[in-house]
Amino acid sequence: MAEVVAGQGGPAGRRAAGLGWVAGVVVNLGLGIFAFFPLVFTRLLVSAIGFRLGDYSGFEARDGIDLVVLMAGLCWVVFLPVWFLANKLIVRWTAVPQRPYWLVAAGLPLVLFLADIVFDLGLVRAVF
């Protein structure tokens, strides 16, 4: 009797894929809490650059942007490897289809940040 391997169809493969999707959604929404900081610092960086480009007062353009660049870069350098490795393990150990999973995994960490923007939850004011 042939054994059904996860990812090759059958009830075991469907169950493994279902558990992979559940694990992926939970992990990526949890990582969304940590993704909030790199996204906020990137938003602050874009705002600071836009403010400095519109300011013709003659001050140096670097004034006040260095810390935001450092914090945005540091947050992304820490967050992206953690996000990638967590999702790579889920894809490897479960039977989820890779292309749709990676699209969903890339979008889920943005949920908290976008909810803060759309519904004005005040999370940025609570953090800073």
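Residue positions are given per chain, counting from 1 as you read along its sequence in written order. In keeping with the model being predicted, local features are shown solely for residues with a pLDDT of at least 70 and side-chain atom pairs are shown and tallied solely at 80 or more, while totals for entire chains, interfaces and linings include all residues. To obtain the side-chain values, all non-hydrogen atoms of the structure were included, while hydrogens and water were left out.

### Considering helix H2 (residues 66–93)
Since the α-helix turns once every 3.6 residues, residues separated by three or four places project in the same direction. Taking 1.5 Å as the rise per residue, H2 with 28 residues should run 40 Å; its terminal C-alpha atoms sit 41 Å apart, in good agreement. Accessibility here uses a 1.4 Å probe with only protein chains present; expressed as a share of the type maximum, an area under 20% marks a residue as buried, one over 50% as exposed, and anything in between as partly exposed. To qualify as a helix, a DSSP run of H or I must reach at least 4 residues; to qualify as a strand, a run of E must reach at least 2; elements of each kind are numbered from the N terminus. All of the buried residues along H2 are Val 68, Ala 72, Cys 75, Phe 79, Trp 83, Asn 87, Ile 90 and Val 91. What a helix should span is 1.5 Å times the count of its residues minus one.

### Observations concerning a nonpolar patch on the surface
Patch membership needs two things, relative accessible area over 30% and no salt bridge, and members are linked within 9 Å if like-charged or within 5 Å if nonpolar (Val, Leu, Ile, Met, Phe, Trp, Tyr). Using a 1.4 Å probe, accessible areas were evaluated by the Shrake-Rupley method; residue-level cover was limited to the displayed protein chains. For salt bridges, the criterion is a side-chain nitrogen of Lys or Arg within 4 Å of an Asp or Glu carboxyl oxygen. Side chains of Leu 110, Leu 114, Ile 117, Val 118, Phe 119 and Leu 121 sit close together on the surface and give an oily, nonpolar patch of about 590 Å² of accessible area. Assignment of secondary structure puts Leu 114 in helix H4 (residues 111–119). A relative accessible area of 45% places Leu 114 in the partly exposed class.

### Digging into the packing of aromatic side chains
Whether two aromatic rings pair depends on their centres lying within 6.5 Å, for rings of Phe, Tyr and Trp, where Trp uses its six-membered ring; planes under 30 degrees apart make the pair stacked, over 60 edge-to-face, and the rest tilted. Under the defined criterion, the tally for this structure stands at seven aromatic pairs. When the ring of Trp 83 is compared with that of Trp 102, the centres are 5.7 Å apart and the planes differ by 70 degrees; the resulting orientation is edge-to-face. Taken together, the residues span a long stretch of sequence, with Trp 83 in helix H2 and Trp 102 in helix H3 (residues 98–107) at a distance of 19 residues. Of the aromatic side chains, those joined through ring pairs into one cluster are Trp 21, Trp 83, Phe 84, Tyr 101 and Trp 102.

### Some thoughts on the nonpolar core
When a protein is soluble and globular, its nonpolar side chains tend to lie buried together. Each nonpolar core is a collection of buried residues, namely Ala, Val, Leu, Ile, Met, Phe, Trp, Tyr and Cys, held together in the definition by side-chain atoms within 4.5 Å. Core analysis: the biggest nonpolar cluster contains 13 residues, and Phe 79, Trp 83, Tyr 101 and Phe 113 have the highest contact counts within it. Top element by residues in this core is helix H1 (residues 10–53). It accounts for five residues. Excluding residues that lie within four positions of it along the chain, Phe 79 makes contacts with Leu 31, Phe 34, Ala 35, Pro 38 and Pro 109. We call two residues in contact when some of their heavy atoms are within 4.5 Å.

### Brief notes about the packing of H2 against H3
An axis is simply a line fitted to the C-alpha atoms; with a helix, the fit covers only the stretch in contact. Between two such axes, the angle follows the N-to-C directions and lies from 0 to 180 degrees. Between H2 and H3, whose axes approach to 11 Å, the crossing angle comes to 150 degrees. With respect to H3, the element H2 is oriented roughly antiparallel. Handedness of the crossing formed by H2 with H3: right-handed. For the pair H2 and H3, contact is made by Trp 83, Phe 84, Asn 87, Lys 88, Ile 90 and Val 91 and by Gln 98, Tyr 101, Trp 102, Ala 105 and Ala 106, respectively. Gly is placed with the polar residues, together with every amino acid not listed as nonpolar (Ala, Val, Leu, Ile, Met, Phe, Trp, Tyr, Cys and Pro) or charged (Asp, Glu, Lys and Arg). Partitioned by chemical class, the residues of the contact of H2 with H3 number eight nonpolar, two polar and one charged. Under this scheme an angle from 65 to 115 degrees is roughly perpendicular, one under 35 degrees roughly parallel, and one over 145 degrees roughly antiparallel; angles in between are oblique. The handedness criterion is simple: a crossing whose near helix is rotated anticlockwise from the far helix by less than a right angle is left-handed, and one whose near helix is rotated clockwise is right-handed.

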